[in-house]
Amino acid sequence: MREFASTRELPGTMSAPLDHAVIGGGLFGCFIAIELARSGKRVLLVEEKDQLLGRASYSNQARVHGGYHYPRSFLTANRTRVNFHRFSDAFDACVVRNFQCYYAIAREFSLVSARQFQEFSNRIGAPVREAPAAIRRLFDVNLIESVFEVEEFVFDATLLREMLGQQLQEAGVEVSLGTRAVRVQKSATAGLDLTLLRNEITDSARAREVWLCTYGELNEVLLESGLPGIPLNCELTEIALVTPPDELQDVGVTLMDGPFFSLMPFPAEQTHSLTHVRYTPHATWRAGDGVSEEHRLGDFAPRSNFRLMQRDAARFIPAMQRCEYRKSLFEVKAKLPRSAFNDSRPILFRRDHGVPGLHCVLGGKIDSVYDIEEAMSA
Amino acid sequence: MTGRSFEDQVISVIAPLRNDAAILRDFLRSVSEVLQRSFDQYELILVDDGSTDDTDRVVSSELANFPGLRYLRLPREFGTEIAIAAGLDSAIGDVIVIMEPGFDPPALIPDVVKLCRESGRIVLGQLRHPSRGAGPLYRLGRKAFHFICDRVLALPLPKNTTYFIGLDRRAIQQISRTRDKKRYFKAITFYIGLPHVLLQYDPVPRPDGSAPRLRSVMAAIDLSLEVIVMNSQRPLRIVTFGALFIGMMNFLYFLYVAAVYLFKDDIAAGWVTLSAHSSLSFVLLFAILAVIAEYVGRVLEETRSRPMYYVVEEKSAQQQVANIQRKNVLSEAIEQ
């Protein structure tokens, strides 16, 4: 990865324009930049933070979805299963497999029954079998219908960051960290002009095509550029990092299928993450309503919902009473309005949004990164 | 109680709703105010027992305004007891307070929590003036019910208690195991053997000025019969003894008839005796059948393994920012 000593050295500034500029150094931005550079293009990757994969690509459950999550959508589940294998092969070194994952089905308030879950898993070819007695004993039989042993992994976000950094370098992508893309405009000659802000110094770059991969902040750049925004719902989410009791040290537990919790290993910090459908979202708003993210986060002064998550989890797994809180990761998540009603999380890909050559990409889940590959080549 | 006690405790309040839209906003305001002042973390679960007014709409419009508010909607009327059971199933609190909107005083919630915590028992609200608003027939019926429960059925239920109840997680764990579809909370706690403590109070007037809702006499009789039939085998036992006695009498009568046949020569027509005997037997026979049918009905109810209730939707409050055009209050949000 090449670093630039000063903004003067930003490529595309003086010399010949770049082929592509990718804005946003999350997983999707890195992935797209690498793909483009490998096809021989000259690519610049711009990231506002001082490191790659520092935002939503880091602050999430780190789950490599095995498809078990979508018993109500066979297509999504099937697709996820395919991506599961691709992702865990391609990022083999970052994928953590040294734990056992379990899915428990709640008796009340669950949208699937144990039987439906099992049949559905079989249909998508995902391994599923009854959990051993030692695990089943951890659950309250009055509240849990059944517990299944499944094949699902998590990724180590720190290792993933290193791996992608290396791939970017090998592919020859120019990476500019700590650089904020302010706006994108149609160039007077050809291509697009990019206004950048680095160390409070404004600069510019020119590229034939620009890929906007800023997730929750997609509309900030679009609106600043005088382009139509994309209807997005944002959500302030909390991932609690916890130390589970010994008996849950080497397991991941997901409770299906309703307003329930999930306890998964979080290898990047050698701990576990605790999330809850009801308590992880702290607030929702419409993206691009003019309130800046910093301002918004300050407004909410997020206060941990850990205790609520833990209380609910302890109802189903009494040992969770001994779960210790370490800290919370707060992050803004973006969702397309239509996926508010199901959790399919499609990828948004808009070619030539507003101006020719400006493409908007909004990833759903980490492991659906391969869907973008197909969309790009299409 | 002053200041915020129970710092690390989560408090749940469960309120069963039945066509209470008119008083709902007042109720939410007063309960939230008390909860916010007294507790660090809490939730307020409204269980809508198949309301036919616009409860649903009112709650949906208020979800954003009250943090910690949750709403469970049952598709039809299942009864207060089952609505409460549904609330208990999804409450996460360390201490849970059940209360009826427009009747139980929100201001006493901290007292219930405190008493529950300190005594480690179930707190049952008891009316200080139980006769207020109750007619003579109702009072008589209540006396009769408690007399039967105490003396005949050995089911000493606390008197004049309401649905203003406080209980801790341990008690819930036990109560949720009882999946009876005909439920009576107090009888269940008695059956499990959970100790209780009484808290005397006066109900609050309904904010819309209407009279507090008491059960109708018919509904009370209905509930009394359910409680007795569900919680005691004694009536069946009494019937058994009665049936045995009548059987014995019939047998004696048979011996008498046999003796008359053997030792008397001039046997009269005997029409009176015969018809009296048979009519008496039939009356008893049908009484027995009625009771058995009642029990068989309950057995049937319990053996049909249908869920105790159905929930058609669940919503919960999220902190919202001021300028949102489209509200997204559904909580099915994150990748779990």
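Fair warning: this is a prediction, and the values are worked out from it, not measured in the lab.

Conventions adopted
Residues numbered from 1 in each chain as written. Chains lettered and ligands numbered in written order. Predicted model: local features only at pLDDT ≥ 70, side-chain atom pairs only at ≥ 80, totals over all residues. Heavy atoms only, no water. Buried < 20%, exposed > 50% of the residue type's maximum accessible area, 1.4 Å probe, protein only. Helix = DSSP H or I, 4+ residues; strand = E, 2+ residues; numbered from the N terminus. Pairing = 2+ DSSP bridges. Patch = residues over 30% accessible without salt bridge, like charges linked within 9 Å, V, L, I, M, F, W, Y side chains within 5 Å. Areas by Shrake-Rupley, 256 points an atom, 1.4 Å probe, with all protein chains shown as cover. Salt bridge = Lys/Arg side-chain N within 4 Å of Asp/Glu carboxyl O. Axes fitted to C-alpha atoms, helices over the stretch in contact; angles between N-to-C directions. Parallel < 35°, antiparallel > 145°, perpendicular 65-115°, else oblique. Left-handed = near helix turned anticlockwise from the far one by under 90°. Contact = heavy atoms within 4.5 Å. Nonpolar A, V, L, I, M, F, W, Y, C, P; charged D, E, K, R; others polar. Domains from an automatic or database assignment. Buried area = accessible area lost by both parts, 1.4 Å probe. Arc of directions from axis to C-beta.

**Regarding the pairing of strand β2 (residues 43–46) of chain A**
Residues and elements named next belong to chain A. Burial along β2 is two-sided: the face carrying Val43 and Leu45 and the face carrying Leu44 and Val46 are both buried. Where strand β1 (residues 18–23) lies against β2, 4 bridges are found, and the strand directions are parallel. Looking at the pairing, Ala21 lines up with Leu44 of β2. Pairing of β2 with strand β9 (residues 174–176) involves 3 bridges; the strand directions are parallel. Within the sheet, the bridge partner assigned to Leu45 lies in β9 and is Val175.

**Quick word on a nonpolar patch on the surface**
Where nonpolar side chains cluster on the molecular surface, the patch consists of Phe245, Met249, Phe251, Leu252, Phe254 and Leu255 of chain B and spans about 630 Å² of accessible area. In this structure, Phe245 of chain B sits in helix α9 (residues 234–263).

**Examining the pairing of strand β12 (residues 201–212) of chain A**
Residue and element names in this part refer to chain A. For β1 and β12, the ladder comprises 5 bridges, and the chain directions are parallel. Residue pairing across strands places His20 opposite Glu209, the latter belonging to β12. Inspection of the sheet shows strand β11 (residues 192–198) paired to β12 by 7 bridges, in the antiparallel sense. Paired with Leu192 across the two strands is Ala207, which belongs to β12. Bridge count for β12 against strand β20 (residues 358–362) is 3 bridges, and the pairing is parallel. When the bridges of β20 are listed, Val210 appears paired with Leu358.

**Quick notes on the environment of Ser368 of chain A**
All names here are of chain A. On the secondary structure map, Ser368 appears in the loop between β20 and α9 (369–377). With relative accessibility at 9%, the residue Ser368 sits in the buried group. Spatially, the C-alpha atoms of Ser368 and Asn78 are 12 Å apart, while their sequence positions differ by 290 residues.

**Quick look at the packing of helix α1 (residues 21–38) of chain B against helix α2 (residues 55–62) of chain B**
All names here are of chain B. Here α1 crosses α2 at 25°, and the two axes come no closer than 9 Å. One element, α1, and the other, α2, form an angle in the roughly parallel class. α1 and α2 meet at a crossing whose hand is right-handed. Where α1 abuts α2, its residues Ala21, Leu24, Arg25 and Leu28 lie against Thr55, Val58, Val59, Ser61 and Glu62. Tallied by class, residues from the contact of α1 with α2 come to 5 nonpolar, 2 polar and 2 charged.

**Quick word on the domain arrangement of chain A**
All names here are of chain A. We note that the domain assignment places domain 1 (1–62 + 156–230 + 343–378) and domain 2 (99–152 + 232–335) within chain A. Taken together, the 20 residues of domain 1 in the interface contact 22 residues of domain 2. For the pair domain 1 and domain 2, the summed buried surface comes to about 1900 Å²; carbon and sulfur atoms form 52% of the total. It is Tyr58, Ser59 and Gln61 in domain 1 that bury the most area against domain 2; as a group they hold 29% of the surface buried on that side. For the pair domain 1 and domain 2, the number of links is 1 salt bridge.

**Thoughts on the sheet that holds strand β6 (residues 161–168) of chain B**
Residue and element names in this part refer to chain B. Pairing is mixed in the open sheet, where 8 strands are placed in the order β7-β5-β6-β4-β1-β2-β3-β8. Single-partner strands in this sheet number two, and they are β7 (196–201) and β8 (313–316). Each strand axis lies, on average, 20° off the axis of its neighbour in the sheet, ignoring direction. Strand direction decides the pairing type here: strand β4 (residues 95–98) and β6, joined by 4 bridges, are antiparallel. Looking at the pairing, Val95 lines up with Asp168 of β6.

**Things to note about the sheet that holds strand β4 (residues 95–96) of chain A**
Strand-to-strand pairing in sheets goes through backbone hydrogen bonds, with the strands running parallel or antiparallel. Residues and elements named next belong to chain A. A sheet is described by the order of its strands in space; here 3 strands give the open sequence β3-β8-β4, paired in antiparallel fashion. Strand pairing shows two members of the sheet lacking a second neighbour, β3 (63–64) and β4, which therefore form its edges. As defined by bridge partners, β3 adjoins strand β8 (residues 153–155) across 2 bridges and the pair is classed as antiparallel. What sits directly across from Arg63, in β8, is Val154.

**Examining the pattern of salt bridges**
In the structure shown here, the tally under the stated rule is 32 salt bridges over all chains. Two residues, Asp56 of chain B and Arg73 of chain B, come together in a salt bridge whose shortest N-O distance is 3.8 Å. Of this pair, Asp56 of chain B sits in helix α2 while Arg73 of chain B is found in strand β3 (residues 69–74), placing the two residues 17 residues apart along the sequence. Ionic contacts of the salt-bridge type, sharing partners, join the residues Arg55, Glu217 and Glu331 of chain A into one network.

**A few points about the packing of helix α1 (residues 27–38) of chain A against α9 of chain A**
Residues and elements named next belong to chain A. Between α1 and α9, whose axes approach to 10 Å, the crossing angle comes to 40°. The angle between the axes of α1 and α9 places the two elements in the oblique class. As α1 runs across α9, the sense of the crossing is right-handed. On α9, the residues that touch Leu27, Phe28, Phe31, Ile32, Glu35 and Leu36 of α1 are Val369, Tyr370, Ile372, Glu373 and Met376.

**Side note on α2 of chain B**
Residues separated by three or four positions in an α-helix point in the same direction, a consequence of the helix having 3.6 residues per turn. Residues and elements named next belong to chain B. Taken together, the buried positions of α2 are Thr55, Val58, Val59 and Glu62. An end-on view of α2 places all buried positions within 95° of arc, on one side of the element. Against β1 (10–17), α1, β2 (41–49) and β3 lie the buried residues of α2.

**Topic: α9 of chain A**
All names here are of chain A. Of all the residues in α9, the buried ones are Val369, Tyr370, Ile372 and Met376. Down the axis of α9, the sector holding all buried residues measures 150°, keeping them to one side. Considering only its buried residues, α9 is in contact with α1, α2 (74–90), β12, β19 (348–350) and β20.

**Details of the domain arrangement of chain B**
By convention, interface size is frequently given as the accessible area that disappears when the constituent parts associate. Residues and elements named next belong to chain B. For chain B, the assigned domains read domain 1 (8–232 + 306–335) and domain 2 (234–302). Taken together, the contacts link 12 residues of domain 1 with 8 residues of domain 2. Taken together, both faces of the contact between domain 1 and domain 2 bury some 920 Å²; the carbon and sulfur share is 55%. Considering only the side of domain 1, the residues that lose the most area to domain 2 are Lys181, Val229 and Ser232, jointly responsible for 45% of the buried surface there. Taken together, the links from domain 1 to domain 2 amount to 0 salt bridges.

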